[in-house]
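# Residue-level structure breakdown
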There are 2 protein chains.
Amino acid sequence: MRVLVVEDDRRIAADLERGLRAAGYVVETVGDGEEAWFRGDTEDYAAIILDLGLPGMDGLAVLKRWRANDRRIPVLILTARASWAERVDGIDAGADDYLPKPFRMEELLARLRSIVRRSAGHASSVISIGDITFDERQMRVTVRGSPVALSPLEYRLASYLVLHRGRVVSQHELSENIYGQEDAHDSNAVEVLVGRVRKKLGGELIETRRGFGYIVPGADA
Amino acid sequence: MRVLVVEDDRRIAADLERGLRAAGYVVETVGDGEEAWFRGDTEDYAAIILDLGLPGMDGLAVLKRWRANDRRIPVLILTARASWAERVDGIDAGADDYLPKPFRMEELLARLRSIVRRSAGHASSVISIGDITFDERQMRVTVRGSPVALSPLEYRLASYLVLHRGRVVSQHELSENIYGQEDAHDSNAVEVLVGRVRKKLGGELIETRRGFGYIVPGADA
DNA sequence: TGATCCATGTCAGCGAGCTGTCAGGCCGGG
DNA sequence: CCCGGCCTGACAGCTCGCTGACATGGATCA
């Protein structure tokens, strides 16, 4: 689960990163509005935590620009100025929830869970591609009806690719989302993982785009 | 089984807690509407017992906000003002059942079982899986007809997994629902508990999904 | 008060299987 | 033909969950 933190105060940002990572999120942090807008507009996050007091571009303006561009990523607004009027402004601009500083990490995590869950909506938890079926509820994959045992990492990789089917996913993006570390240590761990998944699910599911990454042919492909 | 009690009268709240705990529930109590809404929106409970006369935010308003956010947790409304009109309001707002004060604890427990069962999709309070039978009302388990003595915690664990069969349940979710919100200190208590339940009920009931959690194979599997 | 039992948490050891690394082979593109 | 990216089999280290043994602590009863 990838989360973008937009916060210019280094100390608070560091606290957030630590807490979120401990809760299992993959965290990226930016400190100014322009950069935040760009990242939020071009990358995929499960949620964005947005501080309102920013240099560069005001947080509310950033949020409004995302919404104007049809970005539906759930946004949790964070601010010291917790007046009621501002809260209304935030909700009007399209925020999904609002948290005044100072806050307890637990509460932030709870609200984050809440908005992520809400935005995940009610998509079916079963995805079928060819004769392969993914069941998120059971964390189980079946090929032609018979269950296949995937290890945790294999499952995460396959699940991520299937969730983003129809799009090329780079090795770097994969390792970020599977391992949650930015360290691009040279290793062929991802390649090995892809190989193992292919052996279990059949070679046609994941295609290689030499030089770019991997893709699961999707509905729009 | 985790239950949220929303009640501002300390005496009644204490009574409820005592009765519910005796019946094997993990109980959390809040006394005002804002807090109730937040908890109900961000935490997972098997059911919520909601008093209508609240400070902060009216009980009905809280309930409506949960439902607007697609929270389907079963809610049992509790109120002194037991007029027929109000009852209709409660049901309209999305309550699952309605209990006028004063009430007898037994009746509350019965209604609670009923709405929990209904929300889990079971018609009766007896659930059979293979040759194992769960009787939620009597808190008894039988294997091939002969009763098996489960300790309170063992029963809670087995019961929670059975109620959510067909879904992978993480160790974390289990310990939350068995012990209440205690900090997840590293401990293998859940693993030990699973082992003990398996020894008594047979090893096939609970499957391990390494790295994810446990699952009781369900009807929809 | 002390003996005893039962429920439950803790700990250490164990084993299966997960996973990163590496070496070598394959293959497509220049 | 070579090069760089990708694949694959082997393997060693390690993680996770299981299990038996023990400690603790509350309840019961003499």
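For the structure itself, consult the block above.
If you're wondering where the values come from, they're calculated on a predicted model, not measured in any experiment. The numbering scheme is per chain: residues are counted from 1 as the chain's sequence reads. By the order in which they are written, chains take letters starting at A while ligands take numbers starting at 1. Local features in this predicted model are restricted to residues whose pLDDT is 70 or higher, and side-chain atom pairs enter the listing and the counts only when it is 80 or higher, whereas totals over whole chains, interfaces and linings include all residues. Working from all heavy atoms in the structure, the side-chain values ignore hydrogens and water.

### Thoughts on the pairing of strand E7 (residues 132-135) of chain A
All names here are of chain A. The condition is simple: Note: two strands are recorded as paired if DSSP finds a minimum of 2 bridges between them. What counts as a helix is a DSSP run of H or I of at least four residues, what counts as a strand is a run of E of at least two, and both are numbered from the N terminus.
Sheet topology note: the strand E6 (residues 126-129)/E7 ladder contains 4 bridges and is antiparallel. Bridge pairing in E7 links Ile129 to Ile132. Between the end of E6 and the start of E7, which pair antiparallel, lie 2 residues, with Gly130 showing a positive phi angle near 60 degrees. The pairing of E7 with strand E8 (residues 140-143) spans 4 bridges and is antiparallel. Residue Ile132 lies in a different strand from E8, and its bridge partner there is Val143. In this antiparallel pair of consecutive strands, E7 and E8, the connection spans 4 residues, and Met139 shows a positive phi of 50 degrees.

### Concerning the packing of helix H7 (residues 171-179) of chain B against helix H8 (residues 189-201) of chain B
Residue and element names in this part refer to chain B. What counts is decided by this rule: For helices, the axis comes from a line fit to the C-alpha atoms of the stretch in contact; other axes are also lines fit to C-alpha atoms, and the angle between any two N-to-C directions lies between 0 and 180 degrees. Roughly parallel covers angles under 35 degrees, roughly antiparallel covers those over 145, roughly perpendicular covers 65 to 115, and oblique covers all other angles. Two residues qualify as a contact provided that any one of their heavy atoms is within 4.5 Å of a heavy atom in the partner residue. Residues are grouped as follows: nonpolar covers Ala, Val, Leu, Ile, Met, Phe, Trp, Tyr, Cys and Pro; charged covers Asp, Glu, Lys and Arg; every other residue, Gly included, is treated as polar.
Relative orientation of the contacting elements H7 and H8 amounts to 85 degrees, with a least axis distance of 10 Å. Taken together, the axis directions place H7 and H8 in an arrangement best described as roughly perpendicular. Between H7, through Gln171, Leu174, Ser175, Ile178 and Tyr179, and H8, the contact on the second element is made entirely by Ala189, Val190, Glu191 and Leu193. A breakdown of the residues in the contact of H7 with H8 according to their chemical character gives 6 nonpolar, 2 polar and 1 charged.

### So, the packing of helix H6 (residues 152-163) of chain B against H8(B)
Residues and elements named next belong to chain B. For the pair H6 and H8, interaxial distance at closest approach is 10 Å and the crossing angle is 85 degrees. Classified by the interaxial angle, the pair formed by H6 and H8 is roughly perpendicular. Along its contact with H6, which presents Leu153, Glu154, Leu157 and Ala158, the element H8 presents Val190, Leu193, Val194, Arg196, Val197, Lys200 and Leu201. Grouping the amino acids of the contact of H6 with H8 by side-chain chemistry returns 8 nonpolar, no polar and 3 charged.

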